[in-house]
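Residue-level structural notes
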Amino acid sequence: MLTVMQLLPALEVGGVERGTVEIAAALQQAGHHAIVVSAGGRLVEELVRVGAEHIELPIGHKHVSTLRYVRRLRDICRAKNVDIVHARSRLPAWIGYRAIKGMAAPERPRWITTVHGPYSVNFYSRIMTSGERVIAISAFIRDYILRNYPNVDRDRIKVISRGVDRRDYVYGYSPDPSWLAKWRSQYAQFENRKLLVLPGRITRWKGQSEFVEMVAELIRRGQPVHGIIAGGAPPRRNDFEQELKQLVATNNIVQHVSFLGNRDDLRDILASAEVAYSMTIEPEAFGRTTIESLSLGTPVIGYDHGGTGEILREVLPLGLITPRDITAAADATCRFLSQPVVVPQIHRFTLAQMQQQTIDVYESLAEQ
């Protein structure tokens, strides 16, 4: 049995946090013991429910006083007989690295890091490439590591793509009739329209402005579409949302675009859409909503860069378009609407593969 300790700032809702809980659950199911050290958050209850242990330490607090947790973390490693320490964020990684380096070699846990995104390239970020095994969440992130940290041995890097739970994202999924009835009554403007959805928080890099421009182009071409922006603006930062609404008004498509805000029913929305989109200005590290949509059977049109490009090249190449090319996005949409695309049912971007490959990394490193 292995004892694996994962380190991250907090257990609030997010991709890194969700992946931490998913790996903890897989460890427990495989007969190992999972420990997570963080400042706590909404996912702690779920973590404990799968049988894992949570230790509350604010190791992600950006203050010099956080260094005092180095000794505390070292003591925990000794007391819990930790075999592997797995860091998922930069400041917790520095705390964890200093903690285990202060231990004698025979008692020192093995050291793993996961690079979850293309961090700014500097000494502070370099810690995420220090693992005896460095997990990259996509080939795009692997290439980012090799390009910006050329001294990292390629053999230390292991690409483990993120994945979706196919028990939740079932191919051909149809929303519950009660949800559909509420959806239709609440949004009468969707009637007899082809729904196009861009999921994601309202931030400049997510591409909502280009999505609006694409919808305007489709309306000019006479396409019976309605654009849905599913996601809200960060608290107290809705200036960009106001800009988007002004862009919609300027293009005279107010009746053709809806802002739905933050949603807890995104799976139902994606399943109800004719096409989903990924139009991020900057490449995404993975592209979770892209694979979620495809898993449901909803085709995706996305920019050919980052994790989304990687997913579409493998699952639905027809959906790839040149980044920032709004005309290409409109052309692809017209093709998809005129001749519906069948999304392949099987793909490798699953939660099960992510969990198994991560545990394989733990077990193989512990055996050495």
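Description of the structure in this document. (Residues numbered from 1 in each chain as written. Predicted model: local features only at pLDDT ≥ 70, side-chain atom pairs only at ≥ 80, totals over all residues. Heavy atoms only, no water.)

A closer look at the overall build of the chain
In terms of helices and strands, the chain carries 14 helices and 13 strands. Computed over the C-alpha atoms, the radius of gyration of the chain is 22 Å, within 12% of the 21 Å expected from 2.2 N^0.38 for a compact globule of 368 residues. Expressed as lengths along the three principal axes of its C-alpha atoms, the size of the chain is roughly 70 × 40 × 40 Å. Counting over 368 residues, the chain shows a buried share of 54%. Expressed as a percentage of contacts within the chain between residues at least 6 apart in sequence, the contacts between residues at least 24 apart total 69%. For the chain, the exposed area adds up to about 16600 Å²; of that, 48% sits on carbon and sulfur atoms. (Helix = DSSP H or I, 4+ residues; strand = E, 2+ residues; numbered from the N terminus. Rg over C-alpha atoms; globule rule 2.2 N^0.38 Å. Buried < 20%, exposed > 50% of the residue type's maximum accessible area, 1.4 Å probe, protein only. Contact = heavy atoms within 4.5 Å. Areas by Shrake-Rupley, 256 points an atom, 1.4 Å probe, with all protein chains shown as cover.)

A short note on the packing of helix α1 (residues 15-29) against helix α14 (residues 351-367)
Taken N-terminus to C-terminus, the directions of α1 and α14 make an angle of 65°; their axes are 10 Å apart at the nearest point. Considered as vectors, α1 and α14 are oriented roughly perpendicular to each other. As α1 packs across α14, the resulting crossing turns out to be right-handed. For the pair α1 and α14, contact is made by E22, I23, A26 and L27 and by L351, M354, Q355, T358, I359 and Y362, respectively. Along the lines of polarity and charge, the residues of the contact of α1 with α14 split into seven nonpolar, two polar and one charged. (Axes fitted to C-alpha atoms, helices over the stretch in contact; angles between N-to-C directions. Parallel < 35°, antiparallel > 145°, perpendicular 65-115°, else oblique. Left-handed = near helix turned anticlockwise from the far one by under 90°. Nonpolar A, V, L, I, M, F, W, Y, C, P; charged D, E, K, R; others polar.)

Some words on the environment of W179
Take W179: it is sitting in helix α7 (residues 177-186). Looking at W179, the relative accessible area reads 15%, which means it is buried. Taking C-alpha positions, W179 is 31 Å from Q353, a pair spaced 174 residues apart along the chain. Excluding residues that lie within four positions of it along the chain, W179 makes contacts with D265, D268, I269 and S272. Looking at W179, its side chain comes within polar contact range of the side chain of D265, at 2.9 Å. (Polar contact = N/O pair within 3.5 Å; in protein donor to acceptor, adjacent residues only side chain to side chain.)

Thoughts on the pairing of strand β10 (residues 257-261)
Bridge count between strand β9 (residues 225-230) and β10: four bridges; the pairing is parallel. Note on β10: the bridge partner recorded for A230 is G261. Following the chain from β9 across helix α9 (residues 239-250) to the adjacent parallel β10, one finds a crossover that is right-handed. (Pairing = 2+ DSSP bridges. Right-handed = clockwise from strand over helix to strand, strands pointing away.)

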